[in-house]
Amino acid sequence: MSSKRMRLALAATAATAAVFAGAGSAQAVDGPLPIVGGEIAHTSDTPWAIQMSNTNSPDPTGEYCGGTLVAANKVVTAAHCVEGTSTGEWTAIQGRDVLSDATGGKESKISDIWYDPDYGSGAHDVAVVTLTTPFDGVPTLPLNQDTGAGESGATATVYGWGDTEGTGPANTFQKVDVPLMGDEACSSAYGSDYVGAGEVCAGYPDGGKDSCQGDSGGPLVVGGKLVGVVSWGQGCADAGNPGVYSEVSTYYDELSAQIG
Ligand code: ARG
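Before going into details, it helps to say that this report is about the structure given with it. (Residues numbered from 1 in each chain as written. Predicted model: local features only at pLDDT ≥ 70, side-chain atom pairs only at ≥ 80, totals over all residues. Heavy atoms only, no water.)

1. Some points on the sheet that holds strand β11 (residues 219-222)
Sheet architecture is open: 7 strands sit in the order β1-β9-β8-β11-β12-β13-β10, paired in antiparallel fashion. Two strands bound the open sheet, and with one partner strand each, they are β1 (39-40) and β10 (199-202). Pairing of β10 with strand β13 (residues 243-247) involves 4 bridges; the strand directions are antiparallel. Bridge pairing in β13 places E199 opposite S246. (Pairing = 2+ DSSP bridges. Helix = DSSP H or I, 4+ residues; strand = E, 2+ residues; numbered from the N terminus.)

As structure tokens, this is what we get:
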């Protein structure tokens, strides 16, 4: 197993441990809090932001991964979120800012899971799930097709319900702005674990703001387009260890083929 694959496997474990641990024992888990260093966000402003909850989550709310509504019945998420799972475990939730408030928003079960068949060999951490009950009338987010967009130095925004490492409330929708860093900066941080041809990274040299465990699969947005999918990182918001995102433009054709 490459060190990257090991890190992904560990990250997935940490995701469940982190949410289960709760605020009191969050220090036992690698890294800081959910969207780290961010602020409260509202799904009414970003209705395409989807919570992918799972019955195997140790968190009582089912909080597990993020996703992005890209068609009324299709959600883009991360391959590492769905690999090895079955459709019955999942509920997609739209429009619910606080996951413990189970009354707000819409829910759908899922009927199909697709993930990139090359996932596991580095990068390719993208998946598309099909909703049983389409979220008709909910605005969708377009996929970014511009291969230059991920390398621009632009500021991106990442959204999620994941770990805040104590910088915010648990299981509550958050967002944080993070500059895109470019392939060179990320390669020097992560060496060959970082795949410039299918990943982008974002963050600050000194850390402090990042996505984290439980945000995986969720959207990294620039200019109203889905530029990245939360994938991995060493810790969260640590100096010198930016967040790594699947590069949507690289997978545009295969994602589009799934979305129809
Ligand atoms: N793999 C994590 C998850 O399953 C996401 C990690 C993102 N890490 C980061 N430092 N940006 O939720």
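2. Focus: the pairing of β13
Burial analysis of β13 places 5 of its 5 residues in the buried class, which makes it a mostly covered element. Note: strand β12 (residues 225-232) against β13, 4 bridges, orientation antiparallel. Of the residues in β13, the one forming a bridge with V229 is S246. (Buried < 20%, exposed > 50% of the residue type's maximum accessible area, 1.4 Å probe, protein only.)

3. Re the state of the cysteines
Taken as a whole and judged by the stated rule, the model has 3 disulfides. Each sulfur in the disulfide pair C186 and C201 lies 2.3 Å from the other. Of this pair, C186 sits in helix α3 (residues 183-190) while C201 sits in strand β10, and the two are 15 residues apart along the sequence. C186 sits in the buried class, given a relative accessible area of 0%. The residue that forms a disulfide with C212 is C236, at a sulfur-sulfur distance of 2.1 Å. A torsion of 85° about the S-S bond marks the disulfide between C212 and C236 as right-handed. (Disulfide = S-S within 2.5 Å.)

4. Looking at the pattern of salt bridges
This structure, assessed with the given rule, holds 1 salt bridge. Linking R96 and E107 is a salt bridge whose minimum nitrogen-to-oxygen distance equals 3.0 Å. Of this pair, R96 sits in the loop between β5 (90-94) and β6 (106-115) while E107 sits in strand β6; the two residues are 11 residues apart in sequence, bridging distant segments of the chain. (Salt bridge = Lys/Arg side-chain N within 4 Å of Asp/Glu carboxyl O.)

5. Quick look at the site of the ligand
Neighbouring residues of the ligand: 16 residues in total, closest D210, S211, G214, S216 and G235. Within the backbone of G214, one N or O atom sits 2.6 Å away from an oxygen atom of the ligand. In terms of residue count, the dominant contributor to the shell around the ligand is β12 (3 residues). Along the lines of polarity and charge, the residues of the shell around the ligand split into 5 nonpolar, 9 polar and 2 charged. (Near = heavy atom within 4 Å. Polar contact = N/O pair within 3.5 Å; in protein donor to acceptor, adjacent residues only side chain to side chain. Nonpolar A, V, L, I, M, F, W, Y, C, P; charged D, E, K, R; others polar.)

6. What to know about the environment of G240
The residue G240 is located in the loop between β12 and β13 in this model. Residues G240 and D206, spaced 34 residues apart in sequence, show a C-alpha to C-alpha distance of 6.6 Å. If we ignore the near neighbours within four places in the chain, the residues touching G240 are A189 and P205. (Contact = heavy atoms within 4.5 Å.)

7. Focus on unusual backbone geometry
Here the phi dihedral of H124 falls at roughly 55°; this positive angle occurs in a residue that is not glycine. By secondary structure assignment, the location of H124 is in the loop between β6 and β7 (127-131). The backbone of A237 shows a phi angle near 65°, a positive value even though the residue is not glycine. The buried category is assigned to A237, whose relative accessible area is 11%.

8. Notes on the nonpolar core
Grouped together as the largest cluster of nonpolar side chains are 39 residues, with contacts concentrated most on M52, L69, V76, L143, L255 and I259. Leave out the neighbours within four places in its chain, and V76 touches G67, T68, V70, A127, V128, L143, G217, L226, V229 and I259. Listed in part, the 14 residues of the second largest apolar core include A156, V178, L180 and V200. (Core = buried A, V, L, I, M, F, W, Y, C linked by side-chain atoms within 4.5 Å.)

In short, shape yes, function no, at least from these values alone.
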